[in-house]
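One-letter residues, chain by chain:
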Amino acid sequence: MRAELQAETEAERLERRAKLHELLHRLRGEPNLLLPFHQALALRPKGEHHLGLQTIEVDKVVGSVDRYEDFDRHFLPKTPHTLERWKRLRALQLEGVEFPPIEVYQVGEAYFVKDGNHRVALAKATGQKFIDAHVIALDVPVPVEPGDTPKDLLLKAEYAHFLEKTRLKELLPEAEEIRFTTLGRYDLLLDHIATRRYFKGLEEGREIPWEEAVVDWYQNLYKPTVEAIRRLGLLRDFPGRTEADLYLWVMDHRYFLAQELGVDPGPEGAAESYEARFGGVWKRLGGGLKRQLKAFFLAKGREEF
């Protein structure tokens with residue numbers, strides 16, 4: 001009876017915590033959802049293998065196969081039925097009952113519960129650090145991390161699709177990760193590759209294999225532009241964005257300059273011009289002053305400026 005009373009009291013506190021978390025997430029505009037496993041499958045796993053019984057970190061259990069709507073992001077029960085089930089398990093735990101291991105899928109550094117959602121909720125609520133689990137690992141090209149949101153999973157799914165279409169990691173194992181903050185951008189990269197392939201074919205008078213076009217795009221368009229962005233420290237002017245985000249913006253600006261000036265400024269010139277026009281206020285002022293000084297010295301024949 002004492003165990004049941006304590007479990008009842010803890011369940012009431014847990015319900016209040018769940019409501020508070022829901023309110024805080026709404027005020028912050030943040031999702032308060034467990035990650036659904038079907039979104040992890042969109043990462044295009046190449047296979048799976050059983051790792052057997054392992055002890056895993058409770059904090060890295062972030063999603064569920066089929067009960068993701070019953071718990072919030074912190075694995076707190078959201079429905080009366082789920083809370084009642086949690087309360088019964090807590091009473092049994094207080095009486096000394098040991099529970100069997102849970103079953104999870106491992107995707108990168110994160111785990112999704114196949115069986116044992118309420119046991120995970122119990123472990124998280126009571127501050128348990130580790131839990132025994134039968135683990136099935138998925139082989140994915142883009143790993144999931146414990147702090148990922150549903151949007152992060154969608155972005156990573158798009159990246160996985162891009163890697164599958166381009167085989168970039170197979171063709172260039174040293175290629176760096178290409179991450180966006182906005183959905184739908186990897187399709188633009190595929191357009192860049194296709195365009196590069198078309199014009200390269202015209203220049204060389206031959207059919208360019210897709211794989212060659214991918215390597216050529218990365219080595220002669222993407223990588224030089226990102227390197228120019230890094231040299232200028234341009235990313236500091238756009239907090240919350242990535243180098244891939246800026247790559248697309250600088251490439252659009254490069255096309256605009258080529259149309260306006262009648263000559264391609266190249267990656268460095270496009271990045272410098274983008275910085276002068278859209279960078280921080282001091283950079284924009286400095287860029288304007290530099291153009292004025294350059295015009296002044298050129299007018300006096302001082303080409304060495």
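The structure presented is a predicted model; accordingly, all values stated were derived computationally and were not measured.

Caption draft 1: Region of the structure containing the domain arrangement of the protein chain. Each assigned domain of the protein chain is listed here: domain 1 (1-139) and domain 2 (167-301). Measuring from the centre of the C-alpha atoms in domain 1 to the corresponding centre in domain 2 gives 44 Å.

Caption draft 2: Main features of the environment of Lys129. Secondary-structure assignment places Lys129 in the loop between helix H4 (117-125) and strand S6 (130-139). What makes Lys129 exposed here is its relative accessible area of 58%. Through-space distance from the C-alpha of Lys129 to that of Pro31 is 24 Å; in sequence the pair is 98 residues apart.

Caption draft 3: Quick peek at the pattern of salt bridges. Going through the model one piece at a time under the given rule, you end up with 25 salt bridges. Residue Glu204 pairs with Lys200 through a salt bridge whose shortest N-O separation is 2.8 Å. Residue Glu204 and its partner Lys200 are both found in helix H7 (residues 186-204); the two are separated by four residues, about one turn of the helix. Note on Glu204: relative accessible area 38%, which makes it partly exposed. When the shortest N-O distance is used, the salt bridge between Glu204 and Arg206 registers 2.8 Å. Taken together, the shared-partner salt bridges connect Arg196, Lys200, Glu204, Arg206, Glu212 and Asp216 into one network.

Caption draft 4: The arrangement of unusual backbone geometry in detail. The phi dihedral of Phe75 is positive, around 65 degrees, even though this residue is not glycine. Examined against the element boundaries, Phe75 turns out to sit in the loop between strand S3 (61-64) and helix H3 (80-94). You can call Phe75 buried: its relative accessible area is 0%. Despite not being glycine, Arg167 has its phi angle at roughly 55 degrees, a positive value. Relative to the elements of secondary structure, Arg167 occurs in the loop between helix H5 (150-166) and helix H6 (168-171).

Caption draft 5: Main features of H3. The end-to-end C-alpha distance of H3 is 21 Å, a good match for the 21 Å that 15 residues give at a rise of 1.5 Å each. Among the residues of H3, Thr82, Leu83, Trp86, Lys87, Leu89, Arg90 and Ala91 are the ones counted as buried. On its buried face, H3 sits against helix H1 (2-28) and H4. Among the residues trailing H3, Gly96 stands out with phi positive, at a value near 100 degrees.

Caption draft 6: Spotlight on the pairing of strand S4 (residues 102-107). Judged by how many residues are buried, S4 sits mostly within the fold: five of six residues are covered. Relative to S6, S4 runs parallel, the two sharing six bridges. Paired with Tyr105 across the two strands is Ile136, which belongs to S6. Two elements, S4 and strand S5 (residues 110-115), share five bridges in a ladder whose sense is antiparallel. Bridging across to S5, Gln106 finds its partner in Tyr111. Between S4 and S5, which follow one another and run antiparallel, lie two residues, and Gly108 among them has a positive phi close to 70 degrees.

Caption draft 7: Structural view of the side chain of Lys87. Summarising the element assignment, Lys87 is placed in helix H3. Side-chain polar atoms of Lys87 contact the side chain of Glu8, separated by 2.6 Å. If sequence neighbours within four positions are ignored, Lys87 has contacts with Ala7, Glu8 and Ala11.

Caption draft 8: Representation of the packing of helix H9 (residues 243-261) against helix H10 (residues 266-278) in the model. The contact between H9 and H10 brings their axes to 9 Å, and the two run at 100 degrees. Taken as axis vectors, H9 and H10 run roughly perpendicular relative to one another. Within the contact between the two elements, H9 uses Trp249, Val250, His253, Arg254, Phe256, Leu257 and Glu260 and H10 uses Gly266, Pro267, Ala270, Ala271, Ser273, Tyr274, Arg277 and Phe278. Classifying every residue of the contact of H9 with H10 by side-chain character gives nine nonpolar, three polar and three charged.

Caption draft 9: Broad picture of the sheet that holds strand S2 (residues 47-57). On the basis of which strands lie adjacent, the open sheet formed by six strands has the order S1-S3-S5-S4-S6-S2 and mixed pairing. With one partner strand each, in any of the chains shown, strand S1 (35-36) and S2 form the two edges of the open sheet. Summarising the sheet, S2 and S6 pair through ten bridges and their orientation is antiparallel. Looking at the pairing, Gly47 lines up with Asp139 of S6. Where H4 meets the sheet, it contacts S3, S4, S5 and S6, and its direction lies at approximately 130 degrees from that of S5.

What counts as what
- Residues numbered from 1 in each chain as written.
- Predicted model: local features only at pLDDT ≥ 70, side-chain atom pairs only at ≥ 80, totals over all residues.
- Heavy atoms only, no water.
- Domains from an automatic or database assignment.
- Helix = DSSP H or I, 4+ residues; strand = E, 2+ residues; numbered from the N terminus.
- Buried < 20%, exposed > 50% of the residue type's maximum accessible area, 1.4 Å probe, protein only.
- Salt bridge = Lys/Arg side-chain N within 4 Å of Asp/Glu carboxyl O.
- Expected span 1.5 Å × (residues − 1).
- Contact = heavy atoms within 4.5 Å.
- Pairing = 2+ DSSP bridges.
- Polar contact = N/O pair within 3.5 Å; in protein donor to acceptor, adjacent residues only side chain to side chain.
- Axes fitted to C-alpha atoms, helices over the stretch in contact; angles between N-to-C directions.
- Parallel < 35°, antiparallel > 145°, perpendicular 65-115°, else oblique.
- Nonpolar A, V, L, I, M, F, W, Y, C, P; charged D, E, K, R; others polar.

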